[in-house]
Amino acid sequence: MNRTGLLVALALAAAVGLTFGVFPQLDLDLARPFFDPAADGFWGRFDPVLNGLRDASRLIITLLAAPAVLALIGKLVLPRRPMLIPGRAAVLMIVTLALGPGLVTNLILKDHWGRPRPIDVTAFGGDQHFVAWWDPRGDCPGNCSFVAGEPSGAFWTLAPAMLLPPAWRAAATAAALAFGGGVGLLRMAGGGHFFTDVVFAGFFTFLTIWLMHGVLFRWRATATSDRAIERGLERLVLPLHGAVARRLRGPAVPAAADRPTAERGGPEGG
């Protein structure tokens, strides 16, 4: 994940952003093939095959994230045992999933960028006015269209792809991009998102992964090692384990030699 990848992503985002900013109707044009008035809306919304593919995509993301989550939980429960996967890999996957699809997409943008979904705009039978991707002043009150949530999670698969050996990395990256784009098409077919929602979901997710990968692996000022990650977790967790163990043992009982003479018996207590 070098600087070339970032430059390509920035160039694509700039080209799409500028084109669809000047000609916002393109978003409506790309959504229109998925809309069928005779079928009462977007044909992908109720298609059982497409909904099954959506469920499968969520399962794939869960399965890819599970090793990192289990490795972290295992380290917290058994801090003296080595992690199941390398420490930096676990941190990269967990943090980017939380920051990209979690914080940036769902908590910051989707709840504060009032762009209506295709299914809600007047051009497709809704009651809200269409706005371009850059305009947050739409009618949507929450959980809005910009950016696309499920495609953001699908594009997150770039994180595990970047952790593979170099011989596999290019193919895995291409597969992750295709996976994100495919999930984006599913959401467009269901009237859930516009094309630009999907593109910028991919861009923001990629940028989050690129930055975190640099922090952990590439940049000399911040780069760390897998062992340093594990030691940091041990320093965090071992005192908590000790405190819990002391709490479970209860208060210490003084030894007989340490108790006052009157309690031990003797000439005074006779």
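Because the structure is a prediction, the values reported are computed rather than measured.

Okay, the overall build of the protein chain next. For the protein chain, the count of helices and strands is ten helices and two strands. Reading the helices (α) and strands (β) of the protein chain from amino to carboxyl end gives α-α-β-β-α-α-α-α-α-α-α-α. Its C-alpha atoms give the protein chain a radius of gyration of 27 Å, clearly above 18 Å, the size a compact globule of 270 residues would have. Counting all 270 residues of the protein chain, 39% fall into the buried class. Put simply, 72% of the contacts in the protein chain that link residues at least 6 apart link residues at least 24 apart. When the accessible surface of the protein chain is totalled, it reaches about 14,900 Å², and 67% of it is carbon and sulfur. One way to put it: in the protein chain the 25 positive side-chain charges average out to a point 14 Å from where the 19 negative ones average out.

A few words on helix α7 (residues 166-189). Between its first and last C-alpha, α7 extends 35 Å over 24 residues, near the 34 Å set by a 1.5 Å rise per residue. Here α7 has its buried residues at Ala-172, Thr-173, Ala-176, Phe-179, Gly-180, Val-183, Gly-184, Leu-186, Arg-187, Met-188 and Ala-189. At its buried positions, α7 is contacted by α2 (25-31), β2 (41-42), α3 (48-77), α5 (149-155), α6 (158-162) and α8 (195-218). One or two positions beyond α7, positive phi appears at Gly-191, with a value near 75°.

Moving on, we get to the packing of helix α1 (residues 3-22) against α8. Where α1 meets α8, the closest approach of the two axes is 10 Å, and the angle between their N-to-C directions is 155°. Here α1 is positioned roughly antiparallel relative to α8, judged by the angle of their axes. Pair α1 / α8 crosses with left-handed handedness. Side by side, α1 and α8 meet where Arg-3, Gly-5, Leu-6, Ala-9, Leu-10, Ala-13, Val-16, Gly-17 and Phe-20 of the first sit next to Phe-195, Thr-196, Val-199, Phe-200, Phe-203, Phe-206, Leu-207 and Trp-210 of the second.

Now for the packing of helix α4 (residues 87-109) against α8. The description of two packed helices rests on the angle between their axes and on the distance between the axes. Taken N-terminus to C-terminus, the directions of α4 and α8 make an angle of 145°; their axes are 9 Å apart at the nearest point. In the packing of α4 onto α8, the handedness of the crossing is right-handed. Touching Arg-88, Ala-89, Val-91, Leu-92, Val-95, Thr-96, Leu-99, Gly-100, Val-104 and Leu-109 of α4 are Phe-204, Thr-208, Ile-209, Met-212, His-213, Leu-216 and Phe-217, all from α8.

With that out of the way, let us pick up α1. With 20 residues, α1 should reach 28 Å at 1.5 Å per residue; the first-to-last C-alpha distance of 28 Å fits that figure. Residues of α1 that are buried include every one of Leu-6, Ala-9, Ala-13, Val-16, Gly-17 and Phe-20, and no others. For α1, the angular spread of buried residues about the axis comes to 110°, placing them on one side. Those residues of α1 that are exposed and angled more than 90 degrees off the buried face are Arg-3, Thr-4, Leu-7, Leu-18 and Val-22. Where the residues of α1 are buried, they touch α2 and α8.

The rules behind each value
Residues numbered from 1 in each chain as written. Predicted model: local features only at pLDDT ≥ 70, side-chain atom pairs only at ≥ 80, totals over all residues. Heavy atoms only, no water. Helix = DSSP H or I, 4+ residues; strand = E, 2+ residues; numbered from the N terminus. Rg over C-alpha atoms; globule rule 2.2 N^0.38 Å. Buried < 20%, exposed > 50% of the residue type's maximum accessible area, 1.4 Å probe, protein only. Contact = heavy atoms within 4.5 Å. Areas by Shrake-Rupley, 256 points an atom, 1.4 Å probe, with all protein chains shown as cover. Lys, Arg positive; Asp, Glu negative; His and termini not counted. Charge placed at Lys NZ, Arg CZ, Asp CG, Glu CD. Expected span 1.5 Å × (residues − 1). Axes fitted to C-alpha atoms, helices over the stretch in contact; angles between N-to-C directions. Parallel < 35°, antiparallel > 145°, perpendicular 65-115°, else oblique. Left-handed = near helix turned anticlockwise from the far one by under 90°. Arc of directions from axis to C-beta.

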